[in-house]
Amino acid sequence: MSSSSTRKSSPRISRRGLLGRGGALLAGMPLLRFGSGSLEGERLFVLVELVGGNDGLNMIVPFEDPAYHAARPRLRVRGGGLALGEGFCLHPRMEALLPLWKEGEMAVLHGVGYPRPDRSHFRSRDVWHSGRPDLETPSQGWLGRAAAAMPKDGSMVRAMGLGEVDLSLVLRSPRLAVPALPDLESYMLHTDGRARRRRDARLRELAALQETARDDAIGRLLARCAREALEGSERLREAAASWRPKAGFPTHAFGRRCALASRALTSSLVTRIVHLRHHGFDTHASQNRTHGTLLGDLATGLSALAADLRARGLWKRCLVLCFSEFGRRLAENRSGGTDHGKAGPVLALGGSLKGGFHGRATSLTALDDGDPSFTTDFRRVFAEVCERWLSVPSRPVFRGSFPPLNFLPRS
Amino acid sequence: MHGNDVLSVPFPPSRCGALGLFLALGLPALSAQEEPAFPRRLVDLAPEGTAAWFEWGGCDLDVASLHERLEREAERSSLLPRLLRSSELRRIRGMLRLTRGLERNGLVAGFEDLLAGRLVFGLRKEGRRVRAFALAKLRAPSEAGSLQRRLRALGLEVDRRGPYLALAGDGRTREAIGRAWERAARGEGPPAFVTDLPARSLLRFRIDLQELRRTRFPLLGDRSPVPAFPAFLGWPLLLSLSRGETVEGGVAVAADGGLVLEVAAKLGGIEESLRIPLAPLPAAGGRDSLREGGKVLPRLEGTICRWRLGRDLAAFLEGRARLLGPRARRQTESFLQSLDFALRGPRGGSSLLQALAPGLSGLLVLSTEEDRRNRPVRLLDPPVLVLGFPLRESGPVRRVESALGVLLAVSNRDRMRRGRLPRRVRTETRDGIRLSAAKLVTPKDGRPWPLEAVVTPTLAHGASWLLVGSEDGPCRRILFRERRQDRRSAGRNTGGDRAGGRRRGGAEESGLLDLLEFDFAAAAEALRRNRKLLASRLLVERGTDPERGMALLETIAQFVERMGRVRFTDGIGEGKVWMRIRWTPAPAADRNPGEAGGRGGRER
Amino acid sequence: MKARSGQATLGKAPALGGSRTWLRPFRPGRDGAFDEAAVLHLLRRAAFGNPPSEVERMLRLGPEGAARALVAGSEPDRAAQSLEDMRPFVLGTESGRDLAAFWFARLCRTRHPLRMRMTLFWHDHFATSIRKVRNAWWMTEQFETFEGLGLGPFPDLCRAVVKGPAMLRWLDAPSNRKGRPNENLGRELLELFTLGRGNYGERDVKEAARALTGWTIIKGRFRFDRRRHDPGVKEVCGKQGKWDGDALCTHLFSLESCARFLAGKLLEHFVGPRWPVEARTELAEVLRERGLHIGEALEVLLASRLFHRPEFRGARLRGPIEWQAWVLRSLGARASPAALHRSAGRMGQRLLDPPDVAGWPEGEAWLSSASWLQRADFALCLGRPGGPFHLDPPLEELVPDRGPEAECGFLIRALLPEGLPRRAEEILKARARAEARLPRPVRLAGLLGALLLVPAAHRC
């Protein structure tokens, strides 16, 4: 068992990254250019995490399978209202996503999980976030490492965790520090001058002070960092202030996070990768009461985000992926809920993917200790995202090659 | 009136400041007019559109001694000057200085001489705005002129007719007052303020919420975003109160010495029977879950706070679709979901709720010597919190114990992941009382007891109560006391049962809905017992030096214990809802800061 | 790897009598003046800041006396002592945050700043994160070890730290056993703690891991489990023996590369980047003569010619905690420990939580545009009335009320007595004048904020 302490092959010479937990830190990479243009042709990625273990069987419902109905007398979704084809339908509260499915912009990846699964939230989350089931206590996330390996571009921050103060493991990487922001305002310089004129005077003064730096390496570094920080913060402030939603975002908590994601992705040059969390899926009891609402919120939030990005002409460049740390058991329990399971479906939305079903549907008869077992290793999904969407080699990130499912176009 | 004790309250009275405020509204004078015939009641001069009325009978207010007292305190304590430099206190001091100035001008001292004892501060609605005004009635008309001159010397112009003075915030109000005067002189028209409060009350007030709602003070809004917990507390009730009714009240001096401030009083049974009818009960909405009467946890020795909520949780949850907005409904759904999960069954939650009698009670109590001995940690001495759910039947309660096991298992897993010690449950049964306490396991890896070891979540039930507490000692004491009383009252004949029942609950008024009692002296003691812990938090959060932190906490404790006791009750009677607050500050003798303790007041 | 090989950009030192050239004691007059500038440099590098009384004291003591005084420290005063009363209450919450905050509280009141600085130094050297260790008591113990033994002989310190439960868990020592070695502890011991990269080979790591088998934690204490120990002969760095962990450590400490490694680290931290290679040789010699005694080596280093050379003044970039400490100690003020900890974390240095075994980056890597933003946040909020830092005494009491320009001058003299570039001073004075109408606390807070963002404020 190797430890969490990282064994990098050519590591610690260039100490360009700072890893910080909570709060906003940035990569040591100097900001390149501002102002002109947007991230032309650069791809955007939104990773949505359904926290708690989503009941995939009630999200993508195998309504034509008698085993499903037999095992869930009370919890089952009856009827094939929002039919997806191949014997599946959507949970009735997710109608907002049906148009995307019909357009071929939504993909369902069946039975995604990992070998020797663990039913502990924390352990499973660690595995999904790090992409390394072999590590006991991982300290880096696959998305963080992929983002660190991406070539430099004009974005201020390569990736962001939005809506929370704690940075999730999935974005951690020692070579790239990623901010975790409850909102975009926490990334701006807050002088005490609220009035515009006073703010500008303060900023000018601070900028002027930087010119007095000594002319040596450290002095130049100080001056440059300060200048870039001041400029960047102002750009972000302007961009964030001028952002207007191009679709009606719902007002519930997840809807607000989707709006925040849109701001981060579209307010020029801010970021390309966003991680969002949607809480509350650990439905051990009375699942009927809450699961529908959660799925409804998910659907309305994401469809609003899709509409917004489409209106900005960015939808073709965007990919949204929804995953959960495990699925839930086939049979319902005595409290009207379901207990922790193993694998579940992953939803992918985007303007450029191949819609429809991918992978093999899990069998509801050949169960693994009462759970539908996984048919697709989750690393195949993420590796495909790395290779085909982010253009980053996936082998160093996941320590192995994993054949793609082909839901994304070949780069 | 003059025979009463000198009123020396331990902090600046807002009334005094308010007084300073009224007189500070300066305006050009109305021209003095002829003296028409005078009405006998000040209330007859209320202008139309009056939405709020505060009538003050005046009392002896020793401003000079109040000021001196404050200055003495400041000298004695090194901390007070720093506190006093804060901006809020600077403003209050400003008002005190103004009143001092008035006093120096002979105004305040001469106040009681001049006034027949009544002063009014009012709010009047003018369109969408609210305007203030003040009225006063002097003892003798001849004095009015001299008062008017003195006020003019301060830059204030008041209008005068006979013994009546008026001060208005704007021209329209002045005219309205003038019109009211005309009307009163002719003996016409209804007064704006009607009350049957006895004349000797110090303060009477009436607020017409209906009027004020449409002004620029936004009052309580629409009910849909109301979160679940306030809804349960009775927010909808308050909301409907605000929706169109009036609130009235009064203040009186009690006969037993010390100051007693009663904002409301219930009919019958109390000496100063000030009768304040409030709004009629709402027809629908929060009414269903109100339950009067019912048990309260007994007051143990060292009780800091004790309360009862006369709400029927089961009925409330059943009616939640009607009572709550969407967000609050979601919260209650997830609460019910966790309850079902913990109780292992989809109906687990509801069957438990049915077993509970209406009403919830609670207690916050200081620990006893015995409690302290049983604790593994002596560094801190927190008060114990006990929540009591009265029981109708004790059967479903057993499931709660197994639920405790489940919850504990989940919690332990999370704790161990974070490197904390787990808790283990120990259950005992004795004399029909069953008690389960979750104690922290003894640390074995060389570490000392963490501070949280002092808390031992406890679940206990007897014949009539289900208790949840932060420690087991008081839970045991409560249940044993209940058992003793049950046995005693079972031994009596039926006739005495009612008496026993009443005594069991303490001296409760019938029809009592909610109760809140707070003993500031005990609260100060709790503060003192945990000074070091609190000082350490001050150190960590604010960087306060430990010594300074401890001194500050001691000052706060002294201040707190002087507040005496407060008792709030409300209830339903005669189809209306009533409210009462009874506040008894610690008597003057105990207010010497040099003495420890000072738990004044009598045991009730 | 933080200890870079220095380049001899300073030219060869003149050969004088005696083997020591760079570390020869600094002689005022011959090697330069021991004036206020020299003392400021010394205080900033060895302590954190320059409280005015300290400057005079150091001047009187002279270069060697000053170095000795800094290494020895002063007796804790009542304020520092009354803090100890609070210790069981703060640590009893078992929260890493409280533990860190307590350290900051002690930092503000310490009378031995070099000891606190060395705690940070060793915390970085032996980087252990509470996120994996998950035991606040063990982390406390490790910190106490740093503080207690940090200025003593390195072998004692290293042994105590490496056998502490925090480090054992951090580097998976208990899972290192005969037949199933886990190389973590062995590798880091060689690479990060004692020898440094390039001074050992892969085989040495494997052999060291074998020597360290049997080290485990039982009931929160170090235990040597003979059953798990591999008793055979090991060969590490050219020598052989039937070593267990202790014997291995003794062997490692005796190697020349160990002294050189430590010397390089001390030079990097106290002298600055680009120290001369020969200086490392000399310092290593000093260390070996004194049994790797850190305090004594520092006495020599801090009083040396090398240390006081003008090219090293202002050559280092302050890390976040160093920077915070410099402000507070130079002003003679204290601030909310929890807020300081939070702020330092945002600036990239979260106490008890280094990013990985290699510790925090040094020097220029502290700074990026984002971390500059966080520093700006700290600077602008520090003196703010009603702000999160609760500066005590507040600025309006610290700074005498003699008009805006005098206030400006006072703050500049307190923090940067050597003065600012003229342009910077003009800008600040202009600002002070422009804001004369603002309430004094607000004005002072803004002034302090701007002053802290002058580039010179980040170098020492």
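Treat the numbers as computed from the prediction; the structure is a model and nothing was measured. (Residues numbered from 1 in each chain as written. Chains lettered and ligands numbered in written order. Predicted model: local features only at pLDDT ≥ 70, side-chain atom pairs only at ≥ 80, totals over all residues. Heavy atoms only, no water.)

Caption draft 1: Quick peek at the interface of chain C and chain B. Each partner contributes to the interface: chain C provides 31 residues, whereas chain B provides 30 residues. Inspection of the region where chain C meets chain B yields seven salt bridges. The partner of B:Arg447 in a salt bridge is C:Glu94, with the nearest N and O atoms 2.8 Å apart. In this structure, the connection of chain C to chain B is made through 13 residue pairs in polar contact (both at pLDDT 80 or more). Of all the secondary structure elements, the ones that give two or more residues to the side of chain C that touches chain B are helix H3 (78-91), helix H4 (96-109), helix H7 (136-149) and helix H17 (337-346) of chain C. For the side of chain C that touches chain B, the leading source of residues is H3(C), giving seven residues. (Contact = heavy atoms within 4.5 Å. Salt bridge = Lys/Arg side-chain N within 4 Å of Asp/Glu carboxyl O. Polar contact = N/O pair within 3.5 Å; in protein donor to acceptor, adjacent residues only side chain to side chain. Helix = DSSP H or I, 4+ residues; strand = E, 2+ residues; numbered from the N terminus.)

Caption draft 2: Broad picture of the side chain of C:His269. Residues and elements named next belong to chain C. Note on placement: His269 falls in helix H13 (residues 256-271). A residue is classified by how much of its surface remains accessible, and His269, at 9% relative accessible area, is buried. Excluding residues within four positions of it along the chain, His269 makes contact with Arg117, Phe121, Arg316 and Glu362. (Buried < 20%, exposed > 50% of the residue type's maximum accessible area, 1.4 Å probe, protein only.)

Caption draft 3: Examining the packing of helix H20 (residues 531-542) of chain B against H4(C) more closely. Packing of H20(B) against H4(C) brings their axes to within 9 Å, and their N-to-C directions diverge by 80 degrees. Between H20(B) and H4(C), the interaxial angle falls into the category roughly perpendicular. Judged by residue contacts, B:Arg537, B:Leu539, B:Val540 and B:Glu541 of H20(B) engage C:Arg97, C:Asp98, C:Ala101, C:Phe102, C:Ala105 and C:Arg109 from H4(C). Of the residues in the contact of H20(B) with H4(C), the class split is five nonpolar, no polar and five charged. (Axes fitted to C-alpha atoms, helices over the stretch in contact; angles between N-to-C directions. Parallel < 35°, antiparallel > 145°, perpendicular 65-115°, else oblique. Nonpolar A, V, L, I, M, F, W, Y, C, P; charged D, E, K, R; others polar.)

Caption draft 4: Expanded view of the sheet that holds strand E3 (residues 82-85) of chain A. All names here are of chain A. Across the sheet, three strands lie side by side as E2-E4-E3; this open sheet has antiparallel pairing. Strand pairing shows two members of the sheet lacking a second neighbour, strand E2 (60-61) and E3, which therefore form its edges. Bridging between E3 and strand E4 (residues 88-90) involves three bridges; their strand directions are antiparallel. Its bridge partner lying in E4, Leu82 is registered against Leu90. (Pairing = 2+ DSSP bridges.)

Caption draft 5: Local environment of unusual backbone geometry. Put simply, C:Asp392 and C:Pro393 share a cis peptide bond, and its omega is 0 degrees. Tracing the chain through its elements places C:Pro393 in the loop between helix H18 (369-382) and helix H19 (395-398). Of note, A:Glu86 is a non-glycine position whose phi angle comes to about 60 degrees, a positive value. Structurally, A:Glu86 is set in the loop between E3 and E4. Notably, C:His390 is not glycine yet its phi reads approximately 45 degrees, a positive angle. Here C:His390 is to be found in the loop between H18 and H19.

By themselves, these observations are geometric and do not establish any function.
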